[in-house]
Amino acid sequence: MSARYTPPDETTLGGLVRPAGARSSTRRGTPTSTHASALGSGFLGLGVAIIAALQSMLGIALFLLRIDEYPSVLPVAGAWLLLMVTFLGLTITISASGERLPDWLYAVFLAALSAVVWLDFVAIAPLGDIGRHATASVSAGFVLLVIVTLRSRWEVLLATSALGVAFVVAILLTTPLTPVTIPSQLVTVALAVGPGITGVLLVSGFERMLKRELDRVLVQSTVTAPRLAVGMLASEELARLDLDAEELLEAVATGEAPLPLPAVYSSRASTLATELRLHLIEGRRETWLFHAITESEHLGRRVTVSDPATLAGLLDDVQRDSLLAALWLLAADPAGASPTRAVTVELGPLDPQRSPAGGRLVIPVRVEVTGLKRNRVDPGVWEALDRVGRYSDSTASGTVVVELDCTVDNPVDAARTL
């Protein structure tokens, strides 16, 4: 057991915490999971399954309209039968297994889709126009949508790419490319590979939005925290120390550890005491704002806090909530935002000459945002900052600077009234 306090390694969403004092541009690990539905995107599977079913119905209708053109109906009929069995079987299995797709079932699914594509190509190859007559093979691309919430992105993209390559090879081998036939070939290839790519982009965007909102909700809990406290993720470390302390006390109570304590138990008790003291020291140096920034998956990438006097803890709940909301908007990365954007927040030092009478303090806050133009600042930022305190802003060399005067209660005067 180490006698050195180690802060939590993860953020609210499982990423790595940016070390204190590190530059805000340092990126941290992002948790990966092949079970995307664990993040709330599972219900998207129902929507994409409906899309795949509707497109399959359209494909069957086209097949029936052109059934007289096929040299042999048996291969394409077998392709459609296999596709329907695969689609329905996979849907039922996923529903029964709790929206999970194990590797063996994924392999069977890909093998079945490969057989569908091959049978469809065998049936339409003699017609010399893959783009015009492909039906079941195009629907196979839509059926791939069913797994976009169950497998990792690269697996879906790899399967989609393989399907696209199969179409290109089949077209080159069987279809004469002329100005008349090329458009239909391009449209068919796009219809086959488009669903998989679109599904991956859709799920990725949904997960990104969900993670950010979840991160914001978790970070928002720091608004009502005491002035100085341990972080949101310190409970696991404290629980471990509590368990070790209970085990040590139980050993003494049951006589397993005689008094005076042997060297092993004495060292263990000393280690526990040291770690608890370090936790206490950490809790007296870090404010709610420090933990809100460093433990956030989103804010920790771009926001740096400098608050040596722990003045952020003096802000009331409304000021905290408004300052946090402003930082979220300033650290947001809309389309076209500079990848080098960084936000620096400095609190203090206090100036006694600027403090009004009546037991109040004025905390100076300086917010610098690099890589952002003044006219690109979200209007909500100014509304939020107005609730924090009086502010003035300026722009210089591509940096937006906001100076705030936050009026708070003097903790010394508050203590005297108790």
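One can find the structure itself at the top, above this paragraph.
Scoring rules and cut-offs
- Each chain carries its own residue numbering, running from 1 in the direction its sequence is written.
- Reporting of local features is limited, given that this is a predicted model, to residues whose pLDDT is at least 70; pairs of side-chain atoms are given and counted only at 80 or more, and all residues count toward the totals for whole chains, interfaces and linings.
- Computation of side-chain values covers all heavy atoms of the structure but excludes hydrogens and water.
- Working definition: helices are DSSP H or I runs of at least four residues, strands are E runs of at least two. Numbering for both runs from the N terminus.
- Accessibility here uses a 1.4 Å probe with only protein chains present; expressed as a share of the type maximum, an area under 20% marks a residue as buried, one over 50% as exposed, and anything in between as partly exposed.
- We call two residues contacting when some pair of their heavy atoms lies within 4.5 Å.
- It is the directions from the helix axis to the C-beta atoms whose arc is reported.
- Under the rule applied, a polar contact is a pair of N or O atoms within 3.5 Å (in protein, one hydrogen donor and one hydrogen acceptor; residues adjacent in sequence only if both atoms are side-chain atoms).
- Pairs of strands are assigned from DSSP output, requiring at least two bridges between the strands.
- Axes, fitted as lines to C-alpha atoms, cover a helix only where it is in contact. Angles between the N-to-C directions of the axes lie from 0 to 180 degrees.
- Working rule for angles: under 35 degrees goes down as roughly parallel, over 145 as roughly antiparallel, 65 to 115 as roughly perpendicular, anything else as oblique.
- Residues are sorted three ways: Asp, Glu, Lys and Arg are charged, Ala, Val, Leu, Ile, Met, Phe, Trp, Tyr, Cys and Pro are nonpolar, and all the rest, Gly among them, are polar.

Moving on: the overall build of the chain. From N to C terminus, the chain includes 13 helices and five strands. Counting only residues that meet the buried cut, the chain has 42% of its 418 residues in that class. Of the contacts formed within the chain by residues at least 6 apart in sequence, a portion of 75% connects residues at least 24 apart.

Listed in full, the buried residues belonging to helix H12 (residues 379–388) are Val381, Trp382, Ala384, Leu385 and Val388. An end-on view of H12 places all buried positions within 165° of arc, on one side of the element. Within H12, the exposed residues directed more than 90 degrees away from the buried face are Pro379, Glu383 and Asp386. Between the side-chain oxygen at the start of H12 and the backbone nitrogen of Gly380 there is a gap of 2.7 Å, and the oxygen is on Asp378.

Backbone torsion omega between Gly348 and Pro349 reads 0°, so that peptide bond is classified as cis. The backbone phi angle of Thr310 is positive, close to 50°, even though this residue is not glycine. Mapping Thr310 onto the fold places it in the loop between strand S1 (303–306) and helix H11 (317–331). Classification of Thr310 as buried rests on a relative accessible area of 10%.

The next thing to look at is the sheet that holds strand S5 (residues 399–409). Paired through backbone hydrogen bonds, the strands of a sheet run either parallel or antiparallel to each other. As summarised here, the arrangement of the five strands in space is S1-S2-S3-S5-S4, forming an open sheet in which the pairing is mixed. Because the sheet does not close on itself, it has two edges, and the strands there are S1 and strand S4 (390–396). If you compare each strand with its neighbour and ignore which way they point, the axes differ by 15° on average. In terms of strand pairing, S4 meets S5 through seven bridges, oriented antiparallel.

The next point concerns the packing of helix H6 (residues 153–174) against helix H7 (residues 182–220). Running from N to C, H6 and H7 cross one another at 175°; their axes reach a closest spacing of 9 Å. It follows from the interaxial angle that H6 and H7 lie roughly antiparallel. Here Arg153, Val156, Leu157, Thr160, Leu163, Gly164, Phe167 and Ile171 of H6 come into contact with H7, specifically with Gln185, Thr188, Val189, Ala192, Val193, Gly196, Ile197, Val200, Ser204 and Glu207. Taken together, the residues of the contact of H6 with H7 sort by class into ten nonpolar, six polar and two charged.

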